[in-house]
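Analysis of the macromolecular model
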Amino acid sequence: MNTSKRVAAWLVALCGLVLLAGCATGPRITTEADPRADFSAYRTWSFYTPLAIESEGYETQTSALAKAAVRSEMERRGYTYTETNPDLWVNINAYLERRTDVSSYPTVDYGYYYSYRHRAYLAVPYWNERTQVYRYTEGTMNVDLVDARQKRLVWEGIAVGRVANLRADQRAQRVNSTIAEIFANYPHQAGMRGAPM
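A brief report on the enclosed structure follows. For every chain, the first residue of the written sequence is number 1, and numbering continues from 1 onward in sequence order. Given that this is a predicted model, residues contribute local features only at a pLDDT of at least 70 and side-chain atom pairs are listed and counted only at 80 or more, while totals for whole chains, interfaces and linings are drawn from all residues. Only hydrogens and water are set aside when side-chain values are computed; all heavy atoms of the structure are taken into account.

1. As for the pairing of strand 6 (residues 152-163)
Basically, it comes down to this: The criterion for strand pairing is that DSSP finds at least two bridges linking the strands in question. Counting from the N terminus, the helices are the DSSP runs of H or I reaching at least four residues and the strands are the DSSP runs of E reaching at least two.
Here strand 1 (residues 28-33) pairs with strand 6 via six bridges, running antiparallel. Note that in strand 6 the partner of Thr31 across the bridge is Gly157. Bridging between strand 5 (residues 120-147) and strand 6 involves eleven bridges; their strand directions are antiparallel. When the sheet's bridge partners are listed, Val146 is paired in strand 6 with Leu153. Where strand 5 hands over to strand 6, the hairpin turn is made up of four residues, of which Lys151 adopts a positive phi near 55°.

2. Some details on the nonpolar core
For soluble globular proteins, nonpolar side chains are generally found buried alongside one another. Cut-off, in case you're wondering: The definition of a nonpolar core used throughout is a set of buried Ala, Val, Leu, Ile, Met, Phe, Trp, Tyr and Cys residues joined through side-chain atoms within 4.5 Å. Each residue is assigned to one of three classes by its accessible area relative to the maximum for its type, calculated with a 1.4 Å probe on protein chains only: buried under 20%, partly exposed between the two thresholds, exposed over 50%. Note on definitions: a residue-residue contact is assigned when non-hydrogen atoms from the two residues lie within 4.5 Å.
Within the largest apolar cluster, 29 residues are counted, with the highest numbers of intra-cluster contacts made by Val70 and Met74. For this core, the elements supplying multiple residues, two or more each, are strand 2 (44-47), helix 2 (61-76), strand 4 (88-115), strand 5, strand 6 and helix 3 (168-183). The residues touching Val70, leaving out its near neighbours within four places in the chain, are Trp45, Phe47, Val90, Ile92, Ile179 and Phe183.

3. Brief notes about the sheet that holds strand 1
Threshold: To obtain each axis, a line is fitted to C-alpha atoms, and for helices this fit is confined to the stretch in contact; angles are then taken between N-to-C directions over 0 to 180 degrees.
Reading across from one edge, 1-6-5-4-2-3 is the order of the six strands in this open sheet, with mixed pairing throughout. On the outer flanks of this sheet lie strand 1 and strand 3 (80-81), each paired with one strand and no other. Here strand 2 pairs with strand 4 via three bridges, running parallel. By the bridge assignment, Trp45 is partnered in strand 4 with Leu88. Lying on the sheet, helix 3 is in contact with strand 1, strand 5 and strand 6; it crosses strand 5 at an angle near 75°.

4. A few points about unusual backbone geometry
Cis geometry marks the peptide bond from Thr49 to Pro50, where omega comes out at -5°. Secondary-structure assignment places Pro50 in the loop between strand 2 and helix 2. At Asn85, a position not held by glycine, the phi torsion is positive, near 50°. Within the secondary structure, Asn85 is located in the loop between strand 3 and strand 4.

Don't take any of this as a statement about function, it's just geometry.
Below, the structure written as structure tokens:
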């Protein structure tokens, strides 16, 4: 019985570490809102045409995932999708960029020489720098809300993070969670003034 309690405690601790590690590797989210915008006036929305994530003119698996995630988040906030005269246009953009991190740190090495005067080998320290280069892919996803009548950006959410090679099901989960994290910083509901979620 005592052993099972220990194992359960270790499992709980391990789950906590996994959750903390997952939080540490998530994307950095930034948002910006237009202070002049009256968000209580917005009730309907549509995707901007052409959608930035579909710059080649056709839908991809990733763009379909992103659009479905955005639709879910907008509907959760009470916005109604319409193709005719929407209050808001929603544009989505995503791109990848190769990055390089370079770090240098000092090290001490020793050169040895024989001293005839002392009749022994002497160690002479000298400083040099070791450099490590780490290459990775960084992904950026933008969600823009544009006032359709004034053609003005009223809210933007940006997620930036490292991108890993993922299977299709993992990619879907990552896109959904990233869109959800972006919209977690959107404090408005359709047609309501100052009604943060």
